[in-house]
Amino acid sequence: MRKTFFCIDSHACGNPVRVVAGGGPILPHLPIAERRAIFMRDHDWMRTALMFEPRGHDVMSGAIIYPPHRDDCDAAILFIEVSGCLPMCGAGTIGLSTVLLEEGLVVPKVPGRLSLETPAGRVDVTYDMEGGRVKSVRLFNVASYLHASDVTVEVEGLGPLTVDIAYGGNFYAVVEPQENWRGLDVGVSEIISLSQRLRRALAEAIDPVHPEDVAIRGVHHAIWCDAPRSGGDGRGAVFYGERAIDRSPGGTGTSARMAQLFGKGRLGLGDAYRNESMIGTDFDGRVEEIVKVGPFTGIRPSIGAWARIIGHNTIFVDHADPLWKGFQLV
C-alpha cells in the first residue's frame, strides 16, 4: 500500500512547519483533544513517517488540519512533531496560520482573526495581510502558569541544577544561568546533551499534571535562557524531541518563560518580553491578562511573529519501503 500526503511546507522565524493539507486520517467529529487520543492510538505511524528521516529530520514539526468541533473556531489542528502529538505548538501555529490564510484553506468567520481549536484549548491568531501575503501574526496562546519553583536535580556529569517548571501549552523546565551552567555560549551540541540528561533527572523528581486536563503531563521540553544579544529582553534555546533545538525562539517556550517570570514577580500585566532565538530571530511576547489555571495564578500570553511558505510537497509513504515508518538516529 502506498499512502500519499499533500503538504505545504513553511517556516516560522526559522523553524520548519509542515502542514498536512491532504492525506490525514479521517477521524470522528469529536473535540480535537479526543481526536488527538485516537490519532495517537491508531495513526501515530503517520507522524513518524512525515516527521522522522528520511522524509523529515530531527527538528521537524507539523500540523494536520481538520474541521472544527467548536462553533467558535475556524479549524481544528493536530500538532505533530518529532517529540509526539503535542497539545499545542506556538511556532507550528504561526506557520500553519500563514499557510491557511495565504493558501485560502480557511476563510475566518471574523476578518482579521483566525480561531483555532487545539488539544490545549482555543487559540486566536490576529494577522496583517498585504497583497495576499501574511506580513505578521499575533498568537494569543492558552493560559500559561508557573507550576513549580526552584526544583533542584542532580544532572549526570554536571552536578546540581535548579530549574522552574512552567506551562505554556507544554510543560517546560526553565533553566537560567547558575553555578553549574553559565549560559548559551556552551554550544548547541552541549545544550542537547544537557537537555537529555536533565529530562531523565526530572522524570525521577517531578511529574507535573495540568490541573484542568490530566492528559497533559510530564516535562518533555526545556528552555535554556540567557541574556539577549541584539536588544531583546532575553535569549532562549528550546529543546524538544531527542535532539532538536528550536530554530525560532519557541512559541510555547516563550509563553512558559513569560509565565515563569510573571510567577516570580519579574513580569507584570501588559509587559512585553522580546525573546531571541539561537539564529537571531525574535518573538515579541506580551502579558495580555491574568488568569486562573486551577489553583494557580497565571497569564494569557501573546506572541507576535512571522512565517514564510517555502513549498508544496507531495510525500509518498510506501509499505514496500523498509523505512516507511521513518527512523531516528539516537
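As the structure is a computational prediction, the values presented were derived from the model and not from experiment.

Draft legend 1. Highlighting helix 5 (residues 251–263). When the terminal C-alpha atoms of helix 5 are compared, their 18 Å separation across 13 residues agrees well with the 18 Å that a helix rising 1.5 Å per residue should span. Within helix 5, twelve of the 13 residues are buried, leaving the element largely enclosed by the surrounding structure. Those residues of helix 5 that fall on the buried side of the exposure criterion are Gly 251, Thr 252, Gly 253, Thr 254, Ser 255, Ala 256, Arg 257, Met 258, Ala 259, Gln 260, Leu 261 and Phe 262. Downstream of helix 5 by a residue or two, Gly 265 has a phi angle that is positive, lying close to 75°.

Draft legend 2. Looking closely at helix 3 (residues 90–102). Along its 13 residues, helix 3 runs 18 Å from first to last C-alpha, staying within 8% of the 18 Å computed at 1.5 Å per residue. Of all 13 residues in helix 3, twelve are buried, a share of seventy percent or more. Listed in full, the buried residues belonging to helix 3 are Gly 90, Ala 91, Gly 92, Thr 93, Ile 94, Gly 95, Leu 96, Ser 97, Thr 98, Val 99, Leu 100 and Leu 101. Two residues or fewer after helix 3 comes Gly 104, characterised by a positive phi angle close to 70°.

Draft legend 3. Structural context of the layout of surface pockets. The volume enclosed by the largest pocket comes to roughly 340 Å³. Along its surface, the largest pocket is lined by 23 residues, and Arg 36, Ser 83, Gly 84, Leu 86 and His 220 are the ones closest to its centre. Elements with a contribution of two residues or more to the lining of the largest pocket: helix 1 (32–42), helix 2 (44–51), strand 5 (84–86) and strand 13 (213–217). Roughly 230 Å³ of volume is contained in the second largest pocket. Ala 120, Gly 121, Val 142, His 210 and Glu 212 are the residues nearest the centre of the second largest pocket, which is lined by 14 residues in total. Every element with two or more residues in the lining of the second largest pocket is listed here: strand 7 (121–130), strand 13 and strand 18 (282–293).

Draft legend 4. Expanded view of the packing of helix 1 against helix 2. Where helix 1 meets helix 2, the closest approach of the two axes is 5 Å, and the angle between their N-to-C directions is 75°. Compared by their axis directions, helix 1 and helix 2 come out roughly perpendicular. Contact residues: Phe 39, Met 40 and Asp 42 in helix 1; Asp 44, Trp 45, Met 46 and Arg 47 in helix 2.

Draft legend 5. A look at the packing of aromatic side chains. Counted according to the given criterion, the structure contains seven aromatic pairs. Ring geometry for Trp 45 and Trp 324: centres 5.5 Å apart, planes at 65°, overall edge-to-face. Of this pair, Trp 45 sits in helix 2 while Trp 324 sits in the segment after strand 20 (307–318), placing them 279 residues apart in sequence. Each member of the pair, Trp 45 together with Trp 324, is buried.

Draft legend 6. View of empty space enclosed by the protein. Under the definition given, this model contains two cavities of 30 Å³ or more. Put simply, the largest cavity is a space of about 100 Å³. Around the largest cavity, the lining is made up of 18 residues, and of these Glu 81, Cys 89, Tyr 172, Asp 246 and Thr 252 lie nearest the centre. Top contributing element to the lining of the largest cavity by residue count: helix 5, with three residues.

Draft legend 7. Representation of the pairing of strand 9 (residues 145–155) in the model. Direction of pairing for strand 9 relative to strand 10 (residues 159–167): antiparallel, over a ladder of eight bridges. Looking at strand 10, one finds that Val 151 is bridged to Val 163. Linking two consecutive strands that pair antiparallel, namely strand 9 and strand 10, is a turn of three residues; a positive phi of about 80° is found at Gly 157 within it.

Draft legend 8. Geometry of the pattern of salt bridges. Using the criterion set out here, one finds 24 salt bridges in the structure. Between Arg 70 and Asp 72 there is a salt bridge, and its shortest N-O distance comes to 2.7 Å. Classification of Arg 70 by relative accessible area gives partly exposed; the value is 34%. By relative accessible area, Asp 72 is classed as partly exposed at 30%. In this structure, a network of salt bridges that share partners links the residues Arg 70, Asp 72, Arg 122 and Asp 124.

What counts and how
- Residues numbered from 1 in each chain as written.
- Predicted model: local features only at pLDDT ≥ 70, side-chain atom pairs only at ≥ 80, totals over all residues.
- Heavy atoms only, no water.
- Helix = DSSP H or I, 4+ residues; strand = E, 2+ residues; numbered from the N terminus.
- Expected span 1.5 Å × (residues − 1).
- Buried < 20%, exposed > 50% of the residue type's maximum accessible area, 1.4 Å probe, protein only.
- 1 Å grid on protein atoms, 1.4 Å probe; cavity = no way out; pocket = protein on both sides within 12 Å on 5 of 7 lines; lining within 4 Å.
- Points joined across faces, edges and corners; volume = space filled by probe spheres on them.
- Axes fitted to C-alpha atoms, helices over the stretch in contact; angles between N-to-C directions.
- Parallel < 35°, antiparallel > 145°, perpendicular 65-115°, else oblique.
- Contact = heavy atoms within 4.5 Å.
- Phe/Tyr/Trp six-rings, centres within 6.5 Å; stacked < 30°, edge-to-face > 60°.
- Pairing = 2+ DSSP bridges.
- Salt bridge = Lys/Arg side-chain N within 4 Å of Asp/Glu carboxyl O.

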